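Each chain, letter by letter, is given below.
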Amino acid sequence: MMKFETRAIHIGQEPDKATGAIIVPIYQTSTYVQKAPGKHKGYEYSRTSNPTRTALEKCLASLEEARFGLAFSSGMAAISTVMNLLKAKDHVIACDDLYGGTYRLFEKVYKDYGLEFSYVDLTFPENILKVLKKNTRMIWVETPTNPLLKIIDLKRVAEISKRFKLILAVDNTFATPYFQKPLLLGADVVVHSSTKYLGGHSDLVGGAIVSSNPNYYERMKFCQNAVGGIPGPFDCFLVLRGLKTLSLRMREHEANAMEVANFLSTHKKVKKVLYPGLRSFPQYKIARKQMSGFGGTISFELKSNLAGARRFLKNLRLFSLAESLGGVESLADHPARMTHSSIPLNLRKRLGISDNLVRLSVGIENIEDLIEDLRRAFTLV
Ligand SMILES: *Cc1c(COP(=O)(O)O)cnc(C)c1O
């Protein structure tokens, strides 16, 4: 098999058959002419399939070492399609530190369709056994989690999942396939928000699913077409372009994040730094074992209160205050008031998403400029 960096540039992306164009064209078309009724070249209607999307789906599958890939109009459309594997009365066990939108989808949409959810701390995989029920069908994992960067031992969760014949779904948005391949650790389905590192340039919203299980794939492919949350060809082109530099960007994101984490760890105005690449991080060993790198996202608690956090965020110049992450430019987020505000206050408190918690998506600017920006913002807290 070709190496990761090579696959990112070539898989699904042979020169265009009609013209020799080296880049997969943006097939901006809704339909395809047929020779005779039912006689076509594999494409009938662009909700069902489109050549630019096919290229992206092949490349995504290859990067995760999966048999199948599916692209979506957003990460949430991808996650929603994974839930289409379930039926009313099925029970899902999810990790408790979830992306806010995923929690909202489960609680405010799929509960109304008769699905049941339990949220547990999956850094202790045996917690699954405490909430397991006769109707449990799926385990939903994010690792690293958002925003607390907790690491969940995928091999151990997969063992339990297999023992009870459950579907193990993993949101791999934070790590990307460059640093972590959940399917190789026993997951059945992997989802991504390609809005983040896969796209990498904060210029699109997209999602993806990969799997090597033909039954799950067939059902999700069917639902992709039946429900219709597909990406347009231009967005597929943008993700494909992003993927070509994924390895370069991830290495740089990580190198910068490591320096920022070290800087924060020794700063007197910082109470606690959450980054799986720090030896002091509780799940550092598991991260070392199941990931080939620690990613570019860091959370930390300021010693001061909400007002202090507000001042810090206001004083940043290079880090822009914005939701989202994974772009080449650095972003800062206040989870309690921004990305995770849809999580009820008492639950946020229990999880540790406090008012003085800040999340940084460390970009690939020059590290000295980034550290200088943080240093200056601290002086004004
Ligand atoms: C952003 C994000 C999502 C949702 O993806 P969208 O592309 O915004 O719909 C899901 N999971 C994680 C971990 C995310 O960061």
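An account of the accompanying structure is given in this report. Computed from a predicted structure; not experimentally measured.

Structural notes on the sheet that holds strand S2 (residues 91–95)
Then, in step 1: Strand order in the open sheet formed by seven strands is S1-S7-S6-S5-S4-S2-S3, with mixed pairing between adjacent strands. Lying at the two open borders of the sheet, with one neighbouring strand each, are strand S1 (68–72) and strand S3 (116–120). Put simply, the sheet's adjacent strands are angled 20° from each other on average, direction ignored.
Then, in step 2: Alignment of S2 against strand S4 (residues 136–142), held across four bridges, turns out to be parallel. Residue His91 lies in a different strand from S4, and its bridge partner there is Thr136.
Then, in step 3: Packing against the sheet, helix H2 (residues 51–63) makes contact with S1 and strand S7 (207–211), and its axis sits at approximately 125° to S1.
Then, in step 4: Contacts from helix H4 (residues 100–108) reach S2, S3 and S4 within the one sheet, and its direction differs from that of S3 by about 145°.

Examining the packing of aromatic side chains
Then, in step 1: Per the stated rule, a full pass over the model turns up 16 aromatic pairs.
Then, in step 2: Aromatic pair Phe106 and Phe117: ring centres 4.5 Å apart, planes at 10°, arrangement stacked. Pair noted here: Phe106 is in helix H4 and Phe117 is in strand S3, with a separation of 11 residues, a long-range link. Take Phe106 and Phe117: they sit in the same class, and that class is buried.

A closer look at the site of the ligand
Then, in step 1: Neighbouring the ligand are 14 residues, the closest being Gly75, Asp171, Ser193, Thr195 and Lys196.
Then, in step 2: The separation between an oxygen atom of the ligand and a polar main-chain atom of Gly75 is 2.9 Å.
Then, in step 3: One nitrogen or oxygen atom from the main chain of Met76 is found 2.9 Å from an oxygen atom belonging to the ligand.
Then, in step 4: Isolated, the ligand exposes 380 Å² of accessible area, and the fraction of that covered by the protein chains is 92%.
Then, in step 5: With three residues, the top contributor of residues to the shell around the ligand is helix H3 (residues 75–83).
Then, in step 6: Among the residues forming the shell around the ligand, the class breakdown is five nonpolar, seven polar and two charged.

Rules behind the numbers
- Residues numbered from 1 in each chain as written.
- Predicted model: local features only at pLDDT ≥ 70, side-chain atom pairs only at ≥ 80, totals over all residues.
- Heavy atoms only, no water.
- Pairing = 2+ DSSP bridges.
- Helix = DSSP H or I, 4+ residues; strand = E, 2+ residues; numbered from the N terminus.
- Axes fitted to C-alpha atoms, helices over the stretch in contact; angles between N-to-C directions.
- Contact = heavy atoms within 4.5 Å.
- Phe/Tyr/Trp six-rings, centres within 6.5 Å; stacked < 30°, edge-to-face > 60°.
- Buried < 20%, exposed > 50% of the residue type's maximum accessible area, 1.4 Å probe, protein only.
- Near = heavy atom within 4 Å.
- Polar contact = N/O pair within 3.5 Å; in protein donor to acceptor, adjacent residues only side chain to side chain.
- Areas by Shrake-Rupley, 256 points an atom, 1.4 Å probe, with all protein chains shown as cover.
- Nonpolar A, V, L, I, M, F, W, Y, C, P; charged D, E, K, R; others polar.

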